[in-house]
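Each chain is listed here by its residues.
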Amino acid sequence: DSGVTQTPKHLITATGQRVTLRCSPRSGDLSVYWYQQSLDQGLQFLIQYYNGEERAKGNILERFSAQQFPDLHSELNLSSLELGDSALYFCASSVAPGPSYGYTFGSGTRLTVV
Amino acid sequence: EDQVTQSPEALRLQEGESSSLNCSYTVSGLRGLFWYRQDPGKGPEFLFTLYSAGEEKEKERLKATLTKKESFLHITAPKPEDSATYLCAALETSGSRLTFGEGTQLTVNP
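For clarity, every value in this text was computed on a predicted model and none was experimentally measured.

**Q** Which parts of the structure should I look at to understand the overall build of chain B?
**A** Within chain B, the regular secondary structure consists of 0 helices and 11 strands. From first element to last, N terminus to C terminus, chain B shows the α and β order β-β-β-β-β-β-β-β-β-β-β. Compactness check: chain B gives a C-alpha radius of gyration of 13 Å against a globular reference of 13 Å for 110 residues, within 12% of the reference. Counting only C-alpha atoms, chain B reaches 45 × 30 × 20 Å along its principal axes. Buried positions account for 46% of the 110 residues belonging to chain B. Long-range pairs, those at least 24 residues apart, make up 55% of the contacts in chain B between residues at least 6 apart in sequence.

Following this line, the structure appears as structure tokens:
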């Protein structure tokens, strides 16, 4: 157990729907990062939050949004889902604003869009 | 734009057959080079961080080294339980996140 908790582990939904993925960072970590991992692509950075504020944005689609709450958990919202959104979504956390010492990853949410 | 390239994409070894994985990076200034291990359907697990050229780190059968352009992950006398995808990632000096390569899928046959 890495200490980073992601729920749900699996999600199957239809095209056009909206889902919310949840992440609780490791105790003491203030930064949360979201990554997408598809079969044909490596880990693609989506977005980072630090202590409730958006800090960096990567290749995140406009249909996707995220936030970090006062208790530091984060949610990734995916809307108007398409088949191509099927992927593993990982959350990672670090104590500092930047990952100088690396991240700790959760076990991921596997999203299947049918 | 930061780039991280790993080779080979896939590697099959016999148990006990040593080899190396390569990670080349293009960043304007490297703050750290990270290695992770990922098992199927699971999150990446941290292995090493290297900060400067010439640095080496070891853990059991794995040794990571760093030069100014690339990093190597040497696997000595691998066992089947070493089978996994190995990811490297670079952190740029002014960067706020890790940029990952696409990984090397290692299979060690008994």
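So, next bit.
**Q** Can you help me understand the side chain of T104 of chain B in this one?
**A** Summarising the element assignment, T104 of chain B is placed in strand 11 (residues 104–109). Among the polar contacts made by the side chain of T104 of chain B, one reaches the main-chain carbonyl oxygen of P8 of chain B at a distance of 2.6 Å.

**Q** Help me out: how do you make sense of unusual backbone geometry in this one?
**A** The phi torsion of most residues other than glycine is negative, and most of the peptide bonds are trans. Between T7 of chain A and P8 of chain A the backbone carries a cis peptide bond, its omega angle lying at -10 degrees. Residue placement: P8 of chain A occurs in the loop between strand 1 (5–7) and strand 2 (10–13). In this structure, P8 of chain B follows S7 of chain B across a cis peptide bond, with omega equal to -10 degrees. With respect to the element layout, P8 of chain B can be found in the loop between strand 1 (3–7) and strand 2 (10–14). For N51 of chain A, which is not a glycine, the phi torsion comes out positive at approximately 50 degrees. Relative to the assigned elements, N51 of chain A resides in the loop between strand 5 (43–50) and strand 6 (53–57). The class of N51 of chain A is partly exposed, set by a relative accessible area of 46%.

**Q** Is there a simple way to think about the sheet that holds strand 8 (residues 70–75) of chain B in this case?
**A** Residues and elements named next belong to chain B. Read from one edge of the open sheet, 5 strands run 1-3-8-7-6, paired in antiparallel fashion. The outermost strands of the open sheet, each flanked by one partner alone, are strand 1 and strand 6 (56–59). Pairs of neighbouring strands in the sheet enclose a mean axial angle of 15 degrees, with direction left out of account.

Criteria and cut-off values
- Residues numbered from 1 in each chain as written.
- Chains lettered and ligands numbered in written order.
- Predicted model: local features only at pLDDT ≥ 70, side-chain atom pairs only at ≥ 80, totals over all residues.
- Heavy atoms only, no water.
- Helix = DSSP H or I, 4+ residues; strand = E, 2+ residues; numbered from the N terminus.
- Rg over C-alpha atoms; globule rule 2.2 N^0.38 Å.
- Buried < 20%, exposed > 50% of the residue type's maximum accessible area, 1.4 Å probe, protein only.
- Contact = heavy atoms within 4.5 Å.
- Polar contact = N/O pair within 3.5 Å; in protein donor to acceptor, adjacent residues only side chain to side chain.
- Pairing = 2+ DSSP bridges.
- Axes fitted to C-alpha atoms, helices over the stretch in contact; angles between N-to-C directions.

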